[in-house]
Structures are given as C-alpha cells and as structure tokens.
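# Observations on chain architecture
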Amino acid sequence: MTTPDCCAPTTPVAVTTCPVCGTTGRTVQLVTLKALLTPAALATLDPGEAHRFCADAACDVVYFSASRTYRQAEVKVPVFQKDGRGSTPACYCFGHTRADLEQATREGGAGAIPQAIQTHIRAGRCGCEVNNPQGSCCLGNVNRTLAALQTPAETGRAGCC
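An unreviewed UniProt entry annotates the chain as (2Fe-2S)-binding protein of Deinococcus terrestris.

See below:
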C-alpha cells in the first residue's frame, strides 16, 4: 500500500475558461502580455502561469490565468473584440482601424486592405504577437469585419454603419 506524498510538487491547474464570463479563452504567449500590460499590471504578472485571452465583447476581462485576471484598463491599447469605436485598430501592426475598414467598404476598395496586410505578412513584417492583444494575426478580424460591413448592402438590409 502506498500513501500519497503530501510534499510532492503539485501540477498547476490549467484554467481554460474566463472566470468572469465562462468563455473559453485562447492561449496567448507571455511576450504578448509583457508587451501590452500597463506597468502596474505587468508588475503582478506570474510568468510561470499559462494565460488566455477572453474575446467576449461583453466581458471586461482581457487576459486570465489560474490566479489572476487582467481587465481592459490594464492593457495599453484598446482591444478590438471589446471596443467598438471607429478609432480602434482592426490591424495593430499596420494601423488599419474600424473606421478605415468602413470607409474602404463605402468607397469600394475593401479588398485592398487585406491584400496589403497579406503582402506585409509574406515580407515578414507582421508583429501581431506583440502588437495585437489577442496575440495572433489580425487578418481574421479584418476579414470578418469587412464581410459584416458588406453583407447588409449586398442583401438589401439596412446596415448600422
């Protein structure tokens, strides 16, 4: 018969859902948090923990781990998924905002923005892991936003923008 070793190191608990809203979070690299947390928030970062990004627009939490949450006020930039203002970046590396996407859609040049971003990506200029709060490529956000902007006009429904 063996007895459990009470002094054995415990395996850290991996938290996969946001403790505030329950949304499953996407894993983000430590470099993303180091680049985007405010100085005060960065001082509380535990680099040994796994961190995740909460994309729920209604939730104020941006990052979470087993022991800590970081809210929008603790991030240096507005978070695309949580901030609907026109000035909010859709592409953090090359400065394309929601307003830029809306204008390009109105003027019939919406395809030029994702093409330009793809050109930069192929040239190795993309830095989404340190510029984008979600820690991954912005192109999906750009394409989804453009598709949503084009859909109302194409279907004859009134758009909000």
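This part covers the overall build of the chain. On a plain count of helices and strands, the chain comes out with six helices and six strands. Counting helices and strands in the order they occur from the N terminus, the chain gives β-α-α-β-β-β-β-β-α-α-α-α. Of the contacts formed within the chain by residues at least 6 apart in sequence, a portion of 55% connects residues at least 24 apart. Carbon and sulfur atoms make up 54% of the accessible area of the chain, which totals about 9000 Å².

Under the counting rule described, the total for this entry stands at three salt bridges. Arg-71 serves as the salt-bridge partner of Asp-60, at 3.9 Å between the closest nitrogen and oxygen. A residue pair is termed long-range when its members are at least 10 positions apart, and Asp-60 in the loop between strand E2 (51-53) and strand E3 (61-64) and Arg-71 in strand E4 (residues 69-71) qualify at eleven residues. Of the charged contacts, one joins Arg-68 and Glu-74 as a salt bridge, the two residues approaching to 3.0 Å between their closest N and O atoms. Take Arg-68: its relative accessible area is 26%, and that puts it in the partly exposed class.

One recurring pattern in soluble globular proteins: nonpolar side chains tend to sit buried together. Residues Leu-101, Ile-113, Ile-117 and Val-142 are the most contacted members of the largest nonpolar core, which totals 16 residues. Elements with a minimum of two residues in this core: strand E5 (89-91), helix H3 (98-106), helix H4 (112-122) and helix H6 (139-155). When near neighbours in sequence (up to four residues on either side) are disregarded, Ile-113 contacts His-96, Asp-100, Leu-101, Ala-104 and Val-142. Ranked by size, the runner-up nonpolar core spans twelve residues in total, among them Phe-53, Val-62, Tyr-63 and Val-75.

Let us look at the packing of aromatic side chains. Evaluated as defined, the whole model comprises one aromatic pair. A cation over an aromatic ring shows up here: Arg-98 above the ring of Phe-80, its NZ or CZ 4.0 Å from the ring centre.

Moving on to the sheet that holds E2. If you walk across this open sheet you meet the four strands as E1-E2-E3-E4, and the pairing is antiparallel. Edge positions in the sheet fall to strand E1 (26-28) and E4, since each has one partner strand and no second. Neighbour-to-neighbour, the strand axes of the sheet open up by a mean angle of 35 degrees, direction not taken into account. Taken together, the three bridges between E3 and E4 define a ladder with antiparallel strand orientation.

Summarising the sheet, E2 and E3 pair through two bridges and their orientation is antiparallel. When the sheet's bridge partners are listed, Phe-53 is paired in E3 with Tyr-63. Counted between consecutive antiparallel strands, the loop separating E3 from E4 contains four residues.

An α-helical turn contains 3.6 residues, so any two residues separated by three or four positions project in the same direction. If you check which residues of H3 are buried, you get Arg-98, Leu-101 and Ala-104. Along the axis of H3, the buried positions cluster into a sector of 130 degrees, meaning they face one direction only.

A few words now on the environment of Ala-90. Here Ala-90 lies in strand E5. It is 8.9 Å that separates the C-alpha atoms of Ala-90 and Asn-132, two residues lying 42 residues apart in sequence. Every residue in contact with Ala-90, bar those within four places of it in the chain, is listed here: Phe-80, His-96, Thr-97, Arg-98, Leu-101, Cys-138, Asn-141 and Val-142.

Of all the residues in H4, the buried ones are Ile-113, Pro-114 and Ile-117. Seen from one end, H4 has its buried residues packed into an arc of 90 degrees, which puts them on one side. In H4, those exposed residues whose orientation departs by more than 90 degrees from the buried face are Gln-115 and Arg-122. Note on H4: the residue one or two positions beyond its end, Gly-124, has a positive phi of about 80 degrees.

Cut-offs applied
Residues numbered from 1 in each chain as written. Predicted model: local features only at pLDDT ≥ 70, side-chain atom pairs only at ≥ 80, totals over all residues. Heavy atoms only, no water. Helix = DSSP H or I, 4+ residues; strand = E, 2+ residues; numbered from the N terminus. Contact = heavy atoms within 4.5 Å. Areas by Shrake-Rupley, 256 points an atom, 1.4 Å probe, with all protein chains shown as cover. Salt bridge = Lys/Arg side-chain N within 4 Å of Asp/Glu carboxyl O. Buried < 20%, exposed > 50% of the residue type's maximum accessible area, 1.4 Å probe, protein only. Core = buried A, V, L, I, M, F, W, Y, C linked by side-chain atoms within 4.5 Å. Phe/Tyr/Trp six-rings, centres within 6.5 Å; stacked < 30°, edge-to-face > 60°. Lys NZ or Arg CZ within 6 Å of the ring centre and 35° of its normal. Pairing = 2+ DSSP bridges. Axes fitted to C-alpha atoms, helices over the stretch in contact; angles between N-to-C directions. Arc of directions from axis to C-beta.

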